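If you want the building blocks of each chain, they are given just below.
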Amino acid sequence: MKKPVLKRKIDNKSAVRYLKTIFVVGVAAILSAALGTYTITNFFLIQSGVLGITDEGFVGLFWIIAFSVFCLAMGIGLSMWLGKLLITPVRTLITGMTKLSEGDFSTRITLGKYVDGATDLSKTFNTLATQLENTEILRSDFVNNFSHEVKTPLVSVTGLISLLKNEKLPHEKRIQYIELIEEEIQRLSSMTTNMLNLSKLEKQEIVADKTNFNLSEQIRTCVLLLEKKWTKKRTRLALDFDEHTLYANEDLMKQVWINLIDNSIKFSKDRGKVGISISENENDITVSISNTGEKIKDEDLAKIFNKFYQGDTSRHKEGHGIGLSIVARIIYLHNGKVNVESSDEKTTFTVILPKYNA
C-alpha cells in the first residue's frame, strides 16, 4: 500500500521576510565591517605616531566618526530599499508557484524589468502555466469523452436486451437487435483495444524492430483489408504510386495506413473518391491520403489528432476519436510529420517519413 504523500504549503510571507532580512543584515554587516576596519586602522596609525593629532584633529576625528555613522545609516536604508526592489519579483514568483501547485493554472506573472533575466523568467513561467492549463483542459475533455464513449454502447446494449425479453417480438426484429448488439460490442471492443494501444505508444520513446519493407505493397494490403467498407459505400479508389521501400516498424505503420484509409472512407461521400499517392526524394517519403467529403472546420483542424476529439458530433457512432491520435503518436515516434488540409470538396492527410529512420 502506497504511503500518502504529504505536501507542505509554502508560506510566502515568511519566505520573503526571511530573504529580505538576510539581505539587509548582510549589507549592514558588510558596512559595519568596512567602517570598523577604517576606525581601527586610524586608531593604530594615531597610536603609532604615523598620524599626528591636535585639538583640531579631535574635531576632525569627530566628523570622521559622525560621517561613518551617517554612511552606515544611509547604507542600511538603501539596502532596505534595494532589498524591497529585488525581493518583490521573488515574492511574485513564489506566489505564482504556490497558485500553480494548488491547481490554479490561469496564474500569470510579471516580474518587471529591473532584475536581470526577469523578463525571460516571466515568459518561461507563463508558458509553463499555459501548457499546464491546456493539459488540464485536455485531461478533463478526455475523461468526459471517454465516459461518454463507453456509456453510449452500454446503454444501447442494455436497451436492446430489454427489448429481446419480449416473447412476442418478431423473429426478424430479434435478429436485427442481436446484430445491433454485436455491432455495439465490437465497437466497445475496438475502442478498448485502441485505448490500450495508444496507452502503450504514449509510454514509448524509441521504436524497435525496424526493417526495410515494401511500403507500396503494405498500403495495397490495407486497402484490401478495408474492401468491405469501400464497396459498401461504392467508393472509387485512385492509387497513384510505384514501388517504394521504407525503413520503419512494419506493424506500427500498418496501423497508420488502416486508420487513415478507414477514416477517409468513413467520411467520404457515397460514391465518393479516395485517393492515395506516394512520392519520395533523397531523404523522405510522402504519403497522401485524400477523400471527397465535407470540409473540416478550421477550429477542428488544430484538435483533430487529440484523443476522443470528433468535430462532427452528429456522426459520433462512426468512430471513437482514437485512431488519429494513434496515427500522430506512431508518426512522431518515427521522427515524421503528419498534417491535414481540408477544402470544400476534399480533405487530405499527408504523412512525411524519413526513408532511413535511425
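In this report, we go over the structure that sits alongside the text. Owing to the predicted nature of the structure, the values given are computational and were not obtained by experimental measurement.

1. Some remarks on unusual backbone geometry
Here the phi dihedral of Arg234 falls at roughly 55°; this positive angle occurs in a residue that is not glycine. Within the secondary structure layout, Arg234 lies in the loop between helix H6 (227-232) and strand S2 (236-240). Overall, the relative accessible area of 48% leaves Arg234 in the partly exposed class. In this structure, Asn335 is a non-glycine residue whose phi angle is positive, near 60°. Turning to its location among the elements, Asn335 is positioned in the loop between helix H9 (323-333) and strand S6 (337-342).

2. Things to note about the nonpolar core
If you look at the biggest cluster of nonpolar residues, it comprises 41 residues, and the most contacted ones within it are Leu215, Ile219, Met253, Trp257, Leu260 and Ile261. Not counting chain neighbours up to four residues away, the residues in contact with Ile219 comprise Phe241, Trp257, Ile261, Ile276, Ile278 and Val287. Ranked by size, the runner-up nonpolar core spans seven residues in total, among them Leu100, Leu111, Phe125 and Ala129.

3. Focus on the pairing of strand S4 (residues 273-280)
Note: S2 against S4, five bridges, orientation parallel. Looking at the pairing, Leu237 lines up with Val274 of S4. Both S4 and strand S5 (residues 284-292) contribute to a ladder of seven bridges, which runs antiparallel. When the bridges of S5 are listed, Ile276 appears paired with Ile289. The hairpin formed by S4 and S5 contains three residues between the paired strands.

4. Describing the pattern of salt bridges
Oppositely charged side chains may form a pair once their charged atoms are brought near each other. Counting across every chain of the model gives six salt bridges. A salt bridge links Lys229 to Asp262, with the nearest nitrogen and oxygen atoms 2.8 Å apart. In this pair, Lys229 is assigned in helix H6 and Asp262 in helix H7 (residues 250-266), connecting sequence segments 33 residues apart. Classification of Asp262 by relative accessible area gives buried; the value is 13%. With a shortest N-O distance of 3.2 Å, Lys269 and Glu345 are connected by a salt bridge. Placement of Lys269 in the loop between H7 and S4 and of Glu345 in the loop between S6 and strand S7 (346-354) is noted, with a sequence separation of 76 residues between them. One connected set of salt bridges, linked through shared partners, spans Glu217, Arg220 and Glu243.

Quick notes on the rules
Residue positions are given per chain, counted from 1 along the sequence in the order it is written. The predicted nature of this model means local features are confined to residues of pLDDT at least 70 and side-chain atom pairs, given and counted, to a pLDDT of 80 or more, with totals for whole chains, interfaces and linings taken over all residues. Only hydrogens and water are set aside when side-chain values are computed; all heavy atoms of the structure are taken into account. Strands here are runs of E lasting at least two residues and helices are runs of H or I lasting at least four, both read from the DSSP assignment and numbered beginning at the N terminus. Each residue is placed in one exposure class: buried if its accessible area under a 1.4 Å probe, protein chains only, is under 20% of its type's maximum, exposed if it is over 50%, and partly exposed if it falls in between. Take the buried residues of types Ala, Val, Leu, Ile, Met, Phe, Trp, Tyr and Cys, join any two whose side-chain atoms come within 4.5 Å, and each joined set is a nonpolar core. Contact definition: two residues touch when any of their heavy atoms are within 4.5 Å. Paired strands, in this sense, are two strands between which DSSP finds at least two bridges. Here a salt bridge means any side-chain nitrogen of Lys or Arg lying within 4 Å of a carboxyl oxygen belonging to Asp or Glu.

These values are about where atoms sit, not about what they do.
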